[in-house]
Every structure is written in structure tokens, then in C-alpha cells.
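A look at the structure
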Amino acid sequence: MWTTTTRPILFCRFSRLLTTQASPLTLRPYQENCLKACLDAHNSGATRIGVSLPTGAGKTAVFISLLSWLEPRKSRPDAKRSLVIVNSIELARQAAAQAKFQRPDWTVEIEQGGKHRASGNADLTVATYQTLLEPGRLPKFPPQHLKAVVVDEAHHAAAPSYRRILSFFHPEIRCPENYTHTQSSGDAVPIFGFSATFSRHDGLALGSVFERIVYHRDFLDMIKEQWLCNVRFTTVKANIDMKGVTINSHSGDFSPTSLAHVINTETLNKLVVQTWLDRAARDRKSTVVFAVTVAHVRALTETFRSAGIDARYLYARTPIVERNALIEDFKAGRFPVLLNCALLTEGTDIPNIDCVVVARPTRSRNVFLQMIGRGVRLSPGTGKKDCHVIDFVDSMSRVIGIVSAPTLFGLDPTTVVDGESIQELEMRADSADGESSVNDPYPTGDNRLNLPDPKTVTYIDYDNPFVLADQNAGKLSHIMQLSPNAWVDCGEDIYVLECFGKGHVRIEPVSGGEHDLRRCQATSPRDLPFRDSGSHFRAHYSPTIHSKTASALNVSRFQKNRKVLDASSLADAVRGCDTYAAEKVLRGPLSHALRRRAKWRQGPASPAQKLVVAKRWGYVHKSVKVLQEAGDGTEFPEKLRNLTKGDAAYIITRLKHGSQRRYVKKLAAHRKLEAIHAKEKQRRAREHVCVGPLAPEKG
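Here the structure is a predicted model, which means the values were calculated and not measured.

Remarks on the pattern of salt bridges
- Considering all chains together, one arrives at 26 salt bridges under this definition.
- The closest approach of N and O atoms between Glu 302 and Arg 305, which form a salt bridge, is 3.3 Å. Taken together, the positions of Glu 302 and Arg 305, both in helix H10 (residues 294-306) and three residues apart, correspond to about one turn of that helix.
- Under the relative-accessibility criterion, Glu 302 is labelled partly exposed at 43%.
- For Arg 305, a relative accessible area of 39% translates into the label partly exposed.

Looking at the sheet that holds strand S10 (residues 311-314)
- Taken in spatial order, the seven strands make up an open sheet running S10-S11-S9-S12-S13-S8-S14, and their pairing is mixed. On the outer flanks of this sheet lie S10 and strand S14 (418-421), each paired with one strand and no other. Averaged over all neighbouring strand pairs, the angle between strand axes comes to 20 degrees, with direction disregarded.
- Here nine bridges tie strand S8 (residues 230-238) to strand S13 (residues 386-394), and the two strands are oriented parallel to one another. Directly across from Ala 238, in S13, lies its bridge partner Asp 394.

What to know about the confidence of the model for the protein
- Model confidence for the protein is summarised by a mean pLDDT of 78, while 75% of its residues fall at 70 or above.
- A low-confidence stretch, residues 1-23 stays under pLDDT 50, and its non-local contacts, those more than four residues away or across chains, total 43 contacts.
- Note that pLDDT drops below 50 for residues 433-475; the model gives that stretch 86 contacts with residues more than four away or on any other chain.

Regarding the sheet that holds strand S19 (residues 562-567)
- Here we have five strands laid out as an open sheet, ordered S15-S16-S17-S18-S19, and antiparallel in their pairing. Either end of the sheet is taken by a strand with one partner, and the two such strands are strand S15 (488-489) and S19.
- As defined by bridge partners, S15 adjoins strand S16 (residues 495-498) across two bridges and the pair is classed as antiparallel. When the sheet's bridge partners are listed, Val 488 is paired in S16 with Val 496.
- Most of the contacts of helix H17 (residues 570-585) go to S19, to which it runs at about 150 degrees, and overall it touches S16, strand S17 (504-510), strand S18 (536-542) and S19.

Structural notes on the pairing of S10
- For S10 and strand S11 (residues 337-340), the ladder comprises four bridges, and the chain directions are parallel. In the strand pairing of S11, Tyr 313 is matched with Leu 339.
- One crossover worth recording links S10 to the parallel S11 by way of helix H11 (residues 320-331), and it is right-handed.

Structural notes on the environment of Ser 258
- On the secondary structure map, Ser 258 appears in helix H8 (residues 256-263).
- Counting along the chain gives 12 residues from Ser 258 to Thr 246, while the straight-line C-alpha distance between them is 6.0 Å.
- Those residues in contact with Ser 258 that lie beyond four places of it in its chain are Gly 244, Val 245 and Thr 246.
- A distance of 3.0 Å separates the side chain of Ser 258 from the backbone nitrogen of Thr 246, its partner in a polar contact.

Here's the deal with empty space enclosed by the protein
- This structure, assessed with the given rule, holds five cavities of 30 Å³ or more.
- By volume, the second largest cavity amounts to about 80 Å³.
- Considering the residues around the second largest cavity, the lining is formed by Ala 238, Ile 240, Ile 263, Leu 268, Val 272, Val 358, Ala 359, Arg 360, Pro 361 and Phe 392.
- The residue inventory of the lining of the second largest cavity, partitioned by class, reads nine nonpolar, no polar and one charged.

Concerning the state of the cysteines
- By the definition in use, this model includes zero disulfides.
- Between Cys 499, a free cysteine, and Cys 577, which holds the nearest cysteine sulfur, the sulfur-to-sulfur gap is 9.6 Å.
- Residue class for Cys 499 comes out buried when judged on its relative accessible area of 0%.

Digging into the packing of helix H3 (residues 59-69) against helix H4 (residues 89-102)
- It is at 10 Å that the axes of H3 and H4 come closest, and there the two elements cross at 55 degrees. One element, H3, and the other, H4, form an angle in the oblique class. Crossing hand, H3 versus H4: right-handed. Contacts from Thr 60, Ala 61, Phe 63, Ile 64 and Ser 65 of H3 reach H4 at Ala 95, Gln 98, Ala 99 and Gln 102.
- Looking at the contact of H3 with H4, its residues break down into five nonpolar, four polar and no charged.

So, helix H9 (residues 266-279)
- Taking 1.5 Å of rise per residue, 14 residues should cover 20 Å, and H9 covers 20 Å from first to last C-alpha, within 8% of that figure.
- For H9, the set of buried residues is Leu 268, Asn 269, Val 272, Val 273, Thr 275 and Trp 276. On an axial view of H9, the arc spanned by its buried residues comes to 155 degrees, and they lie on one face. For H9, the exposed residues lying more than 90 degrees away from the buried face are Glu 266 and Thr 267.

Quick notes on the side chain of Asp 578
- Its place among the elements puts Asp 578 in helix H17.
- Arg 595 is the oppositely charged side chain nearest to the buried, salt-bridge-free Asp 578, at an N-O distance of 6.8 Å.
- Not counting chain neighbours up to four residues away, the residues in contact with Asp 578 comprise Ser 483, Pro 484, Asn 485, Trp 487 and Leu 497.

Topic: unusual backbone geometry
- Positive phi values are uncommon outside glycine, yet Gln 226 reaches one of about 65 degrees.
- Along the chain, Gln 226 falls in the loop between helix H7 (219-224) and S8.
- In this structure, Ala 342 is a non-glycine residue whose phi angle is positive, near 55 degrees.

Scoring rules and cut-offs
- Residues numbered from 1 in each chain as written.
- Predicted model: local features only at pLDDT ≥ 70, side-chain atom pairs only at ≥ 80, totals over all residues.
- Heavy atoms only, no water.
- Salt bridge = Lys/Arg side-chain N within 4 Å of Asp/Glu carboxyl O.
- Helix = DSSP H or I, 4+ residues; strand = E, 2+ residues; numbered from the N terminus.
- Buried < 20%, exposed > 50% of the residue type's maximum accessible area, 1.4 Å probe, protein only.
- Pairing = 2+ DSSP bridges.
- Axes fitted to C-alpha atoms, helices over the stretch in contact; angles between N-to-C directions.
- pLDDT = per-residue confidence, 0-100.
- Contact = heavy atoms within 4.5 Å.
- Right-handed = clockwise from strand over helix to strand, strands pointing away.
- Polar contact = N/O pair within 3.5 Å; in protein donor to acceptor, adjacent residues only side chain to side chain.
- 1 Å grid on protein atoms, 1.4 Å probe; cavity = no way out; pocket = protein on both sides within 12 Å on 5 of 7 lines; lining within 4 Å.
- Points joined across faces, edges and corners; volume = space filled by probe spheres on them.
- Nonpolar A, V, L, I, M, F, W, Y, C, P; charged D, E, K, R; others polar.
- Disulfide = S-S within 2.5 Å.
- Parallel < 35°, antiparallel > 145°, perpendicular 65-115°, else oblique.
- Left-handed = near helix turned anticlockwise from the far one by under 90°.
- Expected span 1.5 Å × (residues − 1).
- Arc of directions from axis to C-beta.
- Lys, Arg positive; Asp, Glu negative; His and termini not counted.

What follows is the structure, encoded as C-alpha cells:
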């Protein structure tokens, strides 16, 4: 940042120009830097320029100064008029007043509705975009007579309504489909966009309007450098369950109607008011509260009034005269609490606000900053020292992407914050354990998180039914350490021991609802009592008989399941089942075949085994008949040709006991989770502002 002695001569001369021609306005150093960046970009040939300045940074003063300094285009030396496009009558009045303050020598007009009809010949016209869309209003400002167009709240500029207007002034901005207009000339009028939140939530490319952002100033940096007042944060953990709240696919934020069902409750409204009474009533003079819907605004206002607080509200349909009167009374300190719904997030200049209550959760960093930005303007004349921001976070669920005061500093969303300053929160973030809790604004360390970060969502190999047993040796050490037998982990704590044509023994977890405290039915080297009534394991033996025997007896080869045991731990269950298999199923030397190291497992898999695995593995490019006839296995894919009997038995057992189904289900859930996080990452990226070229509109 330049010091007073090192600023370029042109800006010293420009500051003197403002002082002598208009007012004693002196630009702040960052405003001069911004102005220089705009002029440098314009002089280098850029004609669609974006500027990102936070709330309270003096955007209006900057763009009025820019228009004062900007020279007409060489191709149009007589083009000396300027047009400022805003999105509300309040912003139009503010911009017009600032222009008259800075340049009393200019003629300034407003183009808005039926009351304000500009001539089109003024030095500066401030117009609402809604009015410019009306028939006959836009042609009053022919491009050949304009030296520049400024768009305030420029994050709206990519919307079709704005592009309908801006394409009239610049041929490189495409007019939306199903709408055409005739330009007065082929001129490219320089367009400058200013916004505190230079990004869009709905994915519309700002690059369709602006070619680059030439200057960006961060909200927190402005506070640290004391251009904005300091902020203290308090977060309140509320009993809010956000899991069922729907997300608007267009904005990426919570649907207000759905959110209101969760937030607009008597309990939460009383919590908001009680928190304000405890934390703000004694030392805060002017509080603005952001609610979810109009119904929420009214209900919350009544709750404040029931507590004896003079609270008033306004919303989009509040008559303009009443709205202006409310705001003027609030500025004058005639009542302490002003509630609103989606109205005061933009274009509100009430410097005396010293407390902001965020009673509407959001997934948008921009919206959150817009809300707390209402209270960061300096107001030394009212005795304001800082702004107290109170927001509410859910304690029941951890919805991905939700923004709160702690997440601005990389802290866990549920971090308890009570009256802490920005500096204190940054120190907490720096000392937080683990890199992810410092750098990731959506940390995932809490095991209650229902949507974990994709970096931590991995599926260990043995979830895949086709991974071989020896490849899982490291991961299956728990079952290998419990038994020398070839138990197969089928996933989800299900373990199976195949008994060579005589069936299988299966161990699976059972919830604590069944309180069967009997010991193992099999003879066991030790008793297996339950330690508690929580989850435990149950084992069954599923006997089978040879198919020829079953056919001769005209019975099914699959016999009725027999309960083996209940056990309080997997170790107890495995030991009891090993004993059962050796004494009841494969007696004597036959039980050695159950061993994991049995010699038969090292031989090559049979064609029949390979065929079963191939069909389930998806190798269907060869007919079943060809595979069946390939007794030597030469027709099988390489990974199947090298299978051993033990490998094939391991895979087939997992397939028979639902491992593939469970794996496919987990894989589908994993892919769905990845898609959710990819979408969330893309949404977050859109909220990140940096100086440089903007991506052009696709298609």
C-alpha cells in the first residue's frame, strides 16, 4: 500500500481536483489503489472490468471518482455522460446523493418507475435495472453518448435481465435467447462492475459479462486495518435438526420455506430473544435481525415485544414511505431492534448498527458476509466501538456447507464462541489441532458428521468381494489372529467358515434387543457369558448334504439352520464355532482341511470355480459353453487363469453371502457422496474471489 509521499502524482492531483471542485473528500489508500487498477486495465484495452470491495469500503465513492477521472473514448470524444445501474430505489438515491456531494458541478438524474423519468442528457444518470427493462426507457441512453456504464451489486450482472440491458451497450455481451434489441451503434461502452460479493451461487458465469476482476479487498483485512469497525462474535448452539431442510438447486442455499419449518418455532424464537437480552441488551443500541421468511419475521417480532422490547420489522412489501420512516427512526435510535427478511442484505447504509443477529442459517458465505456486513461501518458519531454478531448453529446434525462465524476462520462449525474478536478467533484457528481444522472451512473431525469430507471417505480393500485373501492379509489380521481356520470376512461383521460340502458356519452381529444369555451349545474350552445386554454375535450352522443323496431321498440338500451359540465378543464366537466345526461337522483329521494353510488351497482353481467367478466378475465376452469346455483354463482372462483353489473358494464364499451386493451398495453410496461433495466444492469455488480473468460463459 502506498504511503502519502509515494502515491503517484496523478492521484495527488486527482484528490486535489475532488477537493476544489466538489468536496473535501479524500480517497483512502486502498480506494486509490482500486481506482488505479481500474484505469490501468481500461488503458490496456479492457472494457468489461470487475471490482470486489466489501460492504462499508466506499464503493459508491470509488465509482463516482472513477467516472470523474475517466476520459471519453478516442472514437467518441463527445461521449461524456455516464450511467449507473442499481437494483433498488434506495441504492439509486444513495448513488445520486454521493454524486452530487462529490461533483456538485454535474447534472444528476434518476431513472426509476413513473416518479423519476430522466432526460438521458444528464452528466450522470442512476437507473434501476427494472426500469431499464420497460419499453422506451433504455433507448434514452444511446451508447455513442456514454463514456462508461457502472453496475452496482454487480454479482447480479450475469442474470438474463441484466444481460438484456448490458448487451445494448457492449457487443461482446450476449443477449439472452428470445430477446432482441437494436443497438444505436456498434460501440463497446466500458462497463465497470462493483460488488461486495463478486460471485454467484447459481453457477451463472460472471465471465459472460466481465472479462476480469482487477481489484479485490477482503472483508477481514478491512477490519484488521480499521477501515471497518471491529467485530465480536457469539455463536449459540441450538437444538436444530437441519437434516430435513431442502436445498434450492438454483441458489445452492437452503429453501426458505423448508428452513422456516425448522427455525420458526416458539422455542427457537424465545432462544433468540433470550440470547439478545443476555448478550446485547445492556450495551447495544441498534440491532438488526435477519429472519427466514415474513412469517418468521412477524413471529420473532412478537416474541421480542412480549419480552418488553420495542422491535419493529420490514420486508419487501413494506410500503416505501413506511419503510423509509422505519429506517430513519432506527438510524435516529428511536427503537433498538429492527427485523427484516431478505431486504437489508444489500444497499443498506445504517452506520449505527452495532449488533447483528443472524437467525437464519445459510450455506452461502456471501450471504453470511452480507448480513454481518450491515454492522461493520464506522460510526464514531454514535459512540459505536464495534459490532456484536450473534448467530445460531445446530447441535443435532452437521449439514455440509453451512456457514457460521467459526467457519469464516477455519474452525469447526460447532465451536463455542462468546464475544470473541477476529484476532482471538484467528489465534484459536492457528492453535487448532490438525491441518484440516485450520484450513478447511467445513471440518469433518466430529464423528457425528453425517456427510464426511471425501478425503476421509475411503473403502478398505476387503469390501470388494474380488480382492484375494492374501492381499487382505494385513487388513484381516483381526480374524486371522483369532483362528487358524479359513474364516472369510464378508463385510459388515459377517464371517463364514465353509465346511466342504457339509454346509457352513456363519457368525453375524445381533442388536442388543435380544437378551438370550445362554452359553454356547457346543462344547467349548471356556464359558462365553455376556458382559452386557448390548450388541453381541450369534452363530448358525447351515448344513447341506450331497446332491445325489438329496435326490435319492427326495429332499432338499439345504437343511434347517441350527443355532450354534451366542457370544458377547467376536473372539468368543470364533473360538466356540471352531470347536463346534471340529467336533460336530468335520470330525478328526478332516478338520485340518479347514485350515487357512491347508495344502489343497495352493492348487489351481477348477474350471467350475473360475466359471462362477468369471460370471459374477462380469467377464461375459466369452460364452459360458466355451468357458466350460476350456478345461485347461486358457480361455479365461489372465487374472482368472492364475487363481488358486483357496482364492476361488474365498471369493465364491463372499459372493454367496452377499458381499457383492453390500459392496455395490457401498460403492453407489460412495459415488453419490462424491457427487455431493464435488457439487459442494464447485459451489464454494464460486464464492471465492480473486484478481484475474473470469472464465467466459460456456456454449
